[in-house]
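Here is how the chains run, residue by residue.
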Amino acid sequence: MRAIVHLLLLFSTLTTAAYPAVPAPAQVLGFPVGADKKLADWSQIREYFSRLDASSDRVLTQELGETTLGKPMLLAIISSPGNLRRLDEYRKIQASLADPRIKGEKPEALIDAGKVVVLVTCGIHSTEVGSPLTAVDLAYTLATSRSPETVEILDRVILLLVPSLNPDGTTLVADWYRKTLGTPAEGTTPPQLYHPYSGHDNNRDWFMFTQKETRLLVEKVHQQWHPQIVVDLHQMGAFGARLFIPPFIDPIDPNVDAILQAEIADVGTSILSSMVRAGRAGVVTNAIFDAFTPGRSYQHYHGGVRILMEAASARLASPLAVNAAQMKPVADFDPTKASWNFPLPWEPGTWKIGDVITYQKEAVQACLLHAARFRREWLRGFYKVGLNAVMRKEPYAFIIPADQRDPQSLLDLLEILRLGQVEVRRADADFQVPAKLLSAPYGNPERSRFPSRSFVVQIAQPYGAFAKTLLERQNYRMPVGKDLRTPYDVTGHTLGLLLGVEVYEADQAFDEAESAVARDAGKDYRARVSGEGPYCLFSHENNAFAILTNRFLKAGAPVSWAPNGFQVEGRGFPVGTLMARFSGDAAALGKLLEGLPVTVERVGRAPQLAWQELRAPRTAVYQSYEPAPDEGWTRWILEKNEFAFQLLADKDLRTGDLARHDVIVLCSQDPKSIVEGLSDPYPAEYRGGIGTEGLAKLKAFADQGGVLLLLGDACGLAKQMGLEVEDLATGLDRERFYIPGTLLKASVNNRHPIGYGMGQETAVMFDSSPFFEASRGLPIVRYSPHDTVLSGWARGENLLANQSGMTELRTGQGAVVLIGFRTQFRAQARATFKFLFNCLYYATTFRS
Ligand SMILES: [Zn+2]
């Protein structure tokens, strides 16, 4: 819908003449939606929605902003022409219902007047190729159909349709598919991450908000519209059900309001019965997927239900023949037999992209019709979820003290709460209240005095549940009387532990002499400089140390770190303290400090000790043709922290000159896939991995004075290089030992350079990680023998006691460093980013 047409509609009776005919998808795409072997890239999808916008008074298309690679991300708003003219009004109704504290119109009047807002998101996982085309087909139907169901939907629902949550990946996969069409590699997934940084992990970012696409959706759609229903279209494996729809299996995060839990089941089973009535076989509900992690479900803490839909996959857009022998039972159902949650089995045969699109489209239409028909109930439920939230009494509040050892991570935490629309208040004065620590080992087990300017998050607010699930410790368990299933996803997401920020909980009400909402906490933590002289001392405890170090080095100012603690004029500085020799004036220093929450103390003479000088690390990161999200996240973290680095492909490791690098990082990836790489049917240029030649070259690189950093699963390479180290997790079966995403307590040797800036204990993210005998090499991090599990679920954690999570193996002139746990996991585990950063600087001390 165009603005100009908008005006014509108001003042003219010649309304329809203002619009060109609505084009069928084939007229724009060049092929009918659902045709075999046809994918649309983002420019085609975008073109279709711009044509719809121009031709239909039921569709309004907006650009939300730019993706990582600079493509426009789109939102199509679809409703009746009358509703589209009054969008601002409906948005205000949503906002008022979302926050029952707003005085004004009575809720029943708002419920009478409002529309159900349904958000449908497509294409987050780009190799799940159906849904961007489903979006096109659905939009066309809603723009043109005169069926009574469509009229009912358009009248009562405002549909927010995001045709792709990852437009960069939509194009990447379409290009790869076309390039390989008709070759042996037809239907394979591309040999690179389909989101430039996060790959398949892009739908685990819904509480850390690191990626541009996540932020656009949260800031431009969720925060503006507060959708009651969010449908997220995905695809799964090819040999089970044809379509999964909720209800989810247990456990559901208990912070998800009971109303939402019940509504998920309500709309889910309604969709199921609609599909079965239409004769769509193979639809399953209440299987496979739980709803525990906020990493996939922002809306569960913002008044909306998450309706995940997972369709079976073909071979991208190529058909796939499925036979009965391939259909295997799983825990919740047998795809060859009828059961209550799978009433109509699918007869095996050929499955096509057209089937994916048909199932997705019909399921979404059933969902929209449910929303329309139960409009009042959806709005009343939404209002009541908000009411429950603002009436909540326990715990009274969370307290985040102003005096934190790592101001950068404190600001990161506050930014997450801001994006979650959590209200954070600040205390105007010191205050007292008994509070218990949620972020052990960071903080004091009991604390009752908090300084002025501390941050207070009261539970009684519309999105208090978002704060609660992120600030408390997770207890992943099944409801009483049911067998525990192993988790679908990670189970620990406590922000205080991920970020190394002290967080407390107070159960009793207190008067913190509160001031206004903390909108710009950063002001208090702006860079500060004291003293005079060319030597700049700064703390290693602050995560911003790395950016500052990198900026000094880039400016030609030598940076050193202190191998022991020292005093300056009676003030103590701990081991690892950094010192830059900077000859610039105050203005030049101010420029280097821009945007950093750091404190710099200038002194005229360097304190007398054996300073270890660092260089800008010549870092290389291995990038496989078997896409590893950990590699993408690592690149994102290095770029954000202003580290320069090079990427190494398989052939660089097989034949390149590695001595040019100080440190080579291999991110978490199955060692077999690193060594052997892709094989048939991929084109020859992508095949073969690093091979045994690459392994030998990596070993030689370390022997000759380089540092090889192996992260997570890549630690398995050390043994293959002939180093004496054993992954103790090898051979332990899941019944005895299984920890797939839990925050564990570990002790740190913080006198070792890689441990500089860390406390004596830390929380680490353990994700089915390797671990090592403490007698091998030099252990830098060891698992605690007591109270090992800090947050989340674990089985067999006693086997970790005193064993090593990170170890340094000296070899020749250099070293191999193994970090078994996920030290920079999904850019979330920021408390342990220092291990990665330190390792890069440490590498520059070997050949100096
Ligand atoms: Zn998916």
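> How would you summarise the layout of surface pockets if you had to cite specific residues and measurements?
Size it by volume and the second largest pocket reaches roughly 620 Å³. Lining the second largest pocket are 29 residues, and of these Asp 201, Pro 629, Asp 767, Arg 822 and Arg 826 sit closest to its centre. Counting only elements with at least two residues in the lining of the second largest pocket, the list comes to strand E5 (229-236), strand E10 (305-312) and helix H19 (629-640). Here the lining of the second largest pocket takes three residues from E10, the largest share from any one element.

> Account for the packing of aromatic side chains, with residues named and values stated.
Tallied over the entire structure, the rule returns 36 aromatic pairs. Here the aromatic rings of Trp 561 and Tyr 756 are separated by 5.1 Å at their centres, their planes lie at 85 degrees, and the arrangement is edge-to-face. Of the two residues, Trp 561 sits in strand E22 (residues 559-561) while Tyr 756 sits in the loop between strand E32 (740-748) and strand E33 (761-767), which places them 195 residues apart along the sequence. Ring centres of Phe 643 and Tyr 841 lie 5.4 Å apart, and the angle between their planes is 40 degrees; this geometry places the pair in the tilted category. Placement of Phe 643 in the loop between H19 and strand E29 (645-648) and of Tyr 841 in helix H24 (residues 833-843) is noted, with a sequence separation of 198 residues between them. The two residues Phe 643 and Tyr 841 agree in class, both being buried. Within the aromatic cluster, the residues linked to one another by ring pairs are Phe 545, Trp 561, Phe 643, Tyr 756, Phe 833, Phe 837 and Tyr 841.

> Please give an account of the packing of helix H5 (residues 87-98) against helix H13 (residues 375-391) that cites residues and values.
For the pair H5 and H13, the least separation of the axes is 8 Å and the interaxial angle reads 45 degrees. Relative to H13, H5 is oriented oblique. Residue-level contacts link Gln 94, Leu 97 and Ala 98 of H5 to Leu 379, Phe 382, Tyr 383 and Gly 386 of H13. Partitioning the contact of H5 with H13 into residue classes produces five nonpolar, two polar and no charged.

> Please set out the coordination of the zinc ion residue by residue, giving values where relevant.
Looking at the zinc ion, the protein donor atoms are His 125 (ND1), Glu 128 (OE), Glu 128 (OE) and His 234 (ND1), and they sit 2.1 to 2.4 Å from it. Taken in sequence order, the residues that donate to the zinc ion follow the motif H-x2-E-x105-H. For the residue pair His 125 and Glu 128, the accessibility class agrees, reading buried in each case.

> Run through the pattern of salt bridges, naming residues and quoting values.
Applying the stated criterion across every chain, the model contains 48 salt bridges. Here Glu 186 and Lys 37 are joined by a salt bridge, their closest N and O atoms 3.0 Å apart. Within this pair, whereas Glu 186 is found in the loop between helix H9 (167-180) and helix H10 (212-225), its partner Lys 37 is found in the loop between helix H2 (25-29) and helix H3 (42-55), the two being separated by 149 residues in sequence. By relative accessible area, Lys 37 is classed as partly exposed at 37%. Linking Asp 489 and Arg 204 is a salt bridge whose minimum nitrogen-to-oxygen distance equals 2.8 Å. Of this pair, Asp 489 sits in the loop between helix H15 (464-471) and helix H16 (495-499) while Arg 204 sits in the loop between H9 and H10, and the two are 285 residues apart along the sequence. With respect to class, Asp 489 is no different from Arg 204; both count as buried. Within the structure, one salt-bridge network assembled from shared partners comprises Asp 201, Arg 204, Asp 290, Arg 296, Asp 489 and Arg 826.

Criteria and cut-off values
- Residues numbered from 1 in each chain as written.
- Predicted model: local features only at pLDDT ≥ 70, side-chain atom pairs only at ≥ 80, totals over all residues.
- Heavy atoms only, no water.
- 1 Å grid on protein atoms, 1.4 Å probe; cavity = no way out; pocket = protein on both sides within 12 Å on 5 of 7 lines; lining within 4 Å.
- Points joined across faces, edges and corners; volume = space filled by probe spheres on them.
- Helix = DSSP H or I, 4+ residues; strand = E, 2+ residues; numbered from the N terminus.
- Phe/Tyr/Trp six-rings, centres within 6.5 Å; stacked < 30°, edge-to-face > 60°.
- Buried < 20%, exposed > 50% of the residue type's maximum accessible area, 1.4 Å probe, protein only.
- Axes fitted to C-alpha atoms, helices over the stretch in contact; angles between N-to-C directions.
- Parallel < 35°, antiparallel > 145°, perpendicular 65-115°, else oblique.
- Contact = heavy atoms within 4.5 Å.
- Nonpolar A, V, L, I, M, F, W, Y, C, P; charged D, E, K, R; others polar.
- Donors = N, O, S within 2.8 Å, 3.2 Å for Na, K, Ca; no water.
- Salt bridge = Lys/Arg side-chain N within 4 Å of Asp/Glu carboxyl O.

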